[in-house]
Protein chains: 2
Amino acid sequence: MAKTDTKTRILDTAERLFAQKGFDAVSLRNIIASAKVNLAAVHYHYGSKQALIYAVIARRLRPINEERLAKLAEARANAGRRPVKLENVLECLFRPLFRVQADPKAGPTFARLVGRVIGERNEGLQKFMMGELAEVIIQFSAAFETALPGLAKEETDWRSHFMAGSMAHTLCNADLLVRFTGTDAGMSDYETTVRRLIDFTAAGFRAKVSPPPKKARAKRAPKKK
Amino acid sequence: MAKTDTKTRILDTAERLFAQKGFDAVSLRNIIASAKVNLAAVHYHYGSKQALIYAVIARRLRPINEERLAKLAEARANAGRRPVKLENVLECLFRPLFRVQADPKAGPTFARLVGRVIGERNEGLQKFMMGELAEVIIQFSAAFETALPGLAKEETDWRSHFMAGSMAHTLCNADLLVRFTGTDAGMSDYETTVRRLIDFTAAGFRAKVSPPPKKARAKRAPKKK
DNA sequence: ATTTAATTCAAACGAATGTTTGAATCAGGC
DNA sequence: GCCTGATTCAAACATTCGTTTGAATTAAAT
């Protein structure tokens, strides 16, 4: 095998290290040392560390999001006039994302990286992710509402939020489960992980909305101020 | 009101800034500038930035965890010989944590901070949190298993994992919901947030375990290698 | 072979970080 | 008063960071 391109070797190494330790914790010098390239090569090929981060994310996330949308469109077509079943919507959302864990090229590294992005406070990164995810959010939000007729939009939004948390946490901290509980079976089997996540979140979406506590039973809740 | 203590003013300011931007992103100089104290005071009173981080977390988290355990013990006592209902277990776990959002002293800042800790890759911080949470994890894991007889332990662990993700994400990225969806009603009402989170996660815990996909129906799944 | 552009390299830059130092200031006990 | 310990302060320390520079090297085209 020919020596891989400098540009892609930087990208691969950055992906691996970012996934392991986070974006801030990994310096460009860590990357170039591990990738055995010159420091200036990073800026020559990518311009800045921020741009490198974006490139790392975009390379994997863009195909994932395309596949998500394609699968959802396909599910819509198969469903005809009926709404797509909630479990199928979730599968379209989860499977393309978790499948990269089984990809020997990407390895288990990238999934954790994506999971971590959500928790990042980096402003530019947030905006970048919003841009990348915009269409996915629009399409899947609509799909959730369609799959859950009768559930108030506000509740649907909150539950989407909870679902995103479960998804991100599972991606990012898969190793935590091992440490917490001692179990480690099935970690490698992403199919099972997706199935479990669908079971959990689908039931959460479908949960009965419990009434507010009695103490706030007045028509207009008394404002403290 | 007398000028607050230097030591606690550092702690308060650090808490606020850490919650806003994260631990790495906030420098000691940011803190001392905002708290109007001398740089060396941080090391004089806390020894290091790491120790300051621990102190910030421990101050709030320790009472929260104590309250969690106390409430769970109380619920156990009230339940007598019967297992504590799942929703009550979750309430013992969520309410003390989310209540700090309504605390004007702590403000909404700290909740986000706790949520963020979970996603941090900082090794020492991870171990510190494990130590702080050890008893909580033990007690509540047991409570979940008791409340969910018939559910395999492995499934219970995974679902606890998903639940933790929803909880952390909700704490950390409460503002995301606003940006994603446009809704913002009820954000301030932590009671409603807790109720919604309980609805979602309790249903998730109770979900029927769907069978593995048919293609893997063989007794011994064929290994690729 | 000569020219041209693309790429790699060692070295340095300026800024920011956590930490340490040693003197100055404050507080209270004798 | 004076002394002792606790606290504050300005200044510096040693690293590390992302980035830039300008020359050296490589590769391809004429």
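Quick look at the structure, then. (Residues numbered from 1 in each chain as written. Chains lettered and ligands numbered in written order. Predicted model: local features only at pLDDT ≥ 70, side-chain atom pairs only at ≥ 80, totals over all residues. Heavy atoms only, no water.)

Before going further, it helps to examine helix α8 (residues 153–172) of chain B. Between its first and last C-alpha, α8 of chain B extends 28 Å over 20 residues, near the 28 Å set by a 1.5 Å rise per residue. Among the 20 residues in α8 of chain B, 18 count as buried, and that is most of the element. (Helix = DSSP H or I, 4+ residues; strand = E, 2+ residues; numbered from the N terminus. Expected span 1.5 Å × (residues − 1). Buried < 20%, exposed > 50% of the residue type's maximum accessible area, 1.4 Å probe, protein only.)

The next point concerns unusual backbone geometry. Even without being glycine, K36 of chain A reaches a positive phi, approximately 55°. Mapped onto the elements of the fold, K36 of chain A is located in the loop between α2 (28–35) and α3 (39–46).

Time to look at the protein's contact with DNA strand C. Looking at DNA strand C, there are 15 residues lining it, with T6 and Y44 of chain A together with R29, L39 and K49 of chain B nearest. Near the protein, meaning within 4 Å, the atoms of DNA strand C are sugar or phosphate in a fraction of 46%, with bases accounting for the rest. S27 of chain B is positioned such that a nitrogen or oxygen atom in its side chain is 3.2 Å from a phosphate oxygen of DNA strand C. Here a phosphate oxygen of DNA strand C and a backbone polar atom of L28 of chain B are 2.9 Å apart. Elements supplying a minimum of two residues to the surface near DNA strand C: α3 of chain A together with α2 (28–35) and α3 (39–46) of chain B. Counted by class, the surface near DNA strand C contains six nonpolar, six polar and three charged residues. (Near = heavy atom within 4 Å. Polar contact = N/O pair within 3.5 Å; in protein donor to acceptor, adjacent residues only side chain to side chain. Nonpolar A, V, L, I, M, F, W, Y, C, P; charged D, E, K, R; others polar.)

This part takes up the environment of W158 of chain A. Residue and element names in this part refer to chain A. Considering the arrangement of structural elements, one finds W158 in helix α8 (residues 153–172). Judged by relative accessible area, W158 falls into the buried class, the value being 3%. Spatially, the C-alpha atom of W158 lies 9.4 Å from that of F205, the residues being 47 residues apart in sequence.

Turning to the relation of the copies chain B and chain A, a few remarks are in order. The two copies are related by a screw motion: chain B maps onto chain A through a turn of 180° and a shift of 0.0 Å along the axis, at an RMSD of 0.1 Å. Taken together, these values place the two copies in the relation of a two-fold axis. Here 100% of the contact residues of chain B are again contact residues in chain A; the copies associate through an equivalent surface. (Least-squares fit on C-alpha atoms with pLDDT ≥ 70 in both. Contact = heavy atoms within 4.5 Å.)

This part covers the side chain of T170 of chain A. Residues and elements named next belong to chain A. Residue placement: T170 occurs in helix α8. Overall, T170 belongs to the buried group, its relative accessible area being 3%. At 2.6 Å, the side chain of T170 and the backbone oxygen of S166 are in polar contact.

Quick look at the interface of chain B and chain A now. Each partner contributes residues to the interface: chain B has 49 residues there, and chain A has 50 residues. Surface buried jointly by chain B and chain A totals about 4,900 Å² across both partners, of which 62% is contributed by carbon and sulfur atoms. Here chain B and chain A share six salt bridges between them. Among the salt bridges present, the one from E155 of chain B reaches R195 of chain A, with a minimum N-O distance of 3.6 Å. If you look at where chain B meets chain A, you find ten residue pairs in polar contact (both at pLDDT 80 or more). Elements that contribute at least two residues to the side of chain B that touches chain A include exactly α1 (6–21), α6 (109–119), α7 (123–147), α8, α9 (174–181) and α10 (190–206) of chain B. Here the side of chain B that touches chain A takes 14 residues from α8 of chain B, the largest share from any one element. Its residues placed into classes, the side of chain B that touches chain A shows 20 nonpolar, 14 polar and 15 charged. (Buried area = accessible area lost by both parts, 1.4 Å probe. Salt bridge = Lys/Arg side-chain N within 4 Å of Asp/Glu carboxyl O.)

Geometric values such as these leave the question of function open.
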